[in-house]
Amino acid sequence: MEFLEQRREQALALFRIVIGLLFVFHGVQKISKGTELLSWPGGPMSLIELIGGGLIIVGLWTRWAALLSSGAMAYAYFVVHQPKGLLPIQNGGELAAVYSWAFLLLAFTGAGAWSIDHLRKKSAKKSLANA
């Protein structure tokens with residue numbers, strides 16, 4: 001288990017990058033199908049998927065982007081999917097539920113390695129050490 005623990009930050013970074021990419025692809029798919037950016041809720045949701053997903057991929061303001069994305073996916077689940085049936089398997093909301101929980105996890109854990117947030121944190125520590 002020590003082997004896995006030593007690679008925790010890199011595994012978290014890979015998780016963040018993959019989830020972010022899939023989220024961006026989801027937004028691109030909506031826009032390419034003709035979702036208008038001024039239509040509710042598809043337009044704002046597409047922007048959250050594109051911008052939030054992009055921020056999550058690069059690891060910039062990850063916790064805030066993930067929290068907003070988690071809320072957006074929870075909204076999608078409860079407003080769009082849940083009225084069609086109680087369980088995600090009944091209402092087609094599995095993806096919204098998984099995204100919501102994955103982004104909530106990132107909001108709590110942060111970006112991990114290979115992120116702008118990580119570089120900014122290291123830079124701030126060096127500045128404090130030199131002061």
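Residues numbered from 1 in each chain as written. Predicted model: local features only at pLDDT ≥ 70, side-chain atom pairs only at ≥ 80, totals over all residues. Heavy atoms only, no water.

Asker: Please explain the overall build of the chain as it appears in this structure.
Answerer: Each helix and strand in the chain was counted, giving seven helices and zero strands. When the helices and strands of the chain are read in sequence order from the N terminus, they spell out α-α-α-α-α-α-α. Once the C-alpha set of the chain is aligned to its principal axes, its extents read approximately 55 × 35 × 20 Å. For the chain, the computed accessible surface area is about 8,300 Å², with 71% contributed by carbon and sulfur atoms. Across the chain, the 12 positively charged side chains and the 7 negatively charged ones have centroids separated by 6 Å. (Helix = DSSP H or I, 4+ residues; strand = E, 2+ residues; numbered from the N terminus. Areas by Shrake-Rupley, 256 points an atom, 1.4 Å probe, with all protein chains shown as cover. Lys, Arg positive; Asp, Glu negative; His and termini not counted. Charge placed at Lys NZ, Arg CZ, Asp CG, Glu CD.)

Asker: What exactly am I supposed to notice about the side chain of Ser115 here?
Answerer: Considering the arrangement of structural elements, one finds Ser115 in the loop between helix 6 (94-109) and helix 7 (116-130). Judged by its relative accessible area of 4%, Ser115 falls in the buried class. Within the structure, the side chain of Ser115 is placed 2.9 Å from the backbone nitrogen of His118, a separation counted as a polar contact. (Buried < 20%, exposed > 50% of the residue type's maximum accessible area, 1.4 Å probe, protein only. Polar contact = N/O pair within 3.5 Å; in protein donor to acceptor, adjacent residues only side chain to side chain.)

Asker: How should I be thinking about the nonpolar core in this particular structure?
Answerer: In this structure, Ile56, Ala66, Met73, Tyr99, Phe103 and Leu106 are the most contacted members of the largest nonpolar core, which totals 18 residues. Put simply, the parts of the chain that give this core at least two residues each are helix 2 (8-32), helix 3 (42-58), helix 4 (62-81) and helix 6. Look past the residues within four positions of Leu106 in its chain and what remains in contact with it is Leu12, Phe15, Arg16, Ile56, Arg63 and Ala66. (Core = buried A, V, L, I, M, F, W, Y, C linked by side-chain atoms within 4.5 Å. Contact = heavy atoms within 4.5 Å.)

Asker: Even after reading the chapter, I still don't get the packing of aromatic side chains, so can you show me in this structure?
Answerer: Geometry of an aromatic ring pair is reported as the spacing of the ring centres plus the angle between the planes. Here the structure, examined in full by the defined rule, presents five aromatic pairs. Ring geometry for Trp40 against Tyr75: centres 6.1 Å apart, planes inclined by 65 degrees, an arrangement best described as edge-to-face. Remark: Tyr75 occurs in helix 4 and Trp40 occurs in the loop between helix 2 and helix 3; sequence separation between them is 35 residues. (Phe/Tyr/Trp six-rings, centres within 6.5 Å; stacked < 30°, edge-to-face > 60°.)

Asker: Can you walk me through the packing of helix 2 against helix 6 in this structure?
Answerer: Each pair of packed helices gets described by two things: the angle between the helix axes and the distance between those axes. Orientation of helix 2 relative to helix 6, taken along the N-to-C sense of each, is 140 degrees, at an axis distance of 11 Å. On the basis of their axis angle, the class for helix 2 and helix 6 is oblique. Where helix 2 crosses over helix 6, the handedness of that crossing is left-handed. Within the contact between the two elements, helix 2 uses Leu12, Phe15, Arg16, Ile19, Leu22, Phe23 and His26 and helix 6 uses Leu95, Tyr99, Ala102, Phe103, Leu105, Leu106 and Thr109. For the contact of helix 2 with helix 6, a count of residues per class yields 11 nonpolar, two polar and one charged. (Axes fitted to C-alpha atoms, helices over the stretch in contact; angles between N-to-C directions. Parallel < 35°, antiparallel > 145°, perpendicular 65-115°, else oblique. Left-handed = near helix turned anticlockwise from the far one by under 90°. Nonpolar A, V, L, I, M, F, W, Y, C, P; charged D, E, K, R; others polar.)

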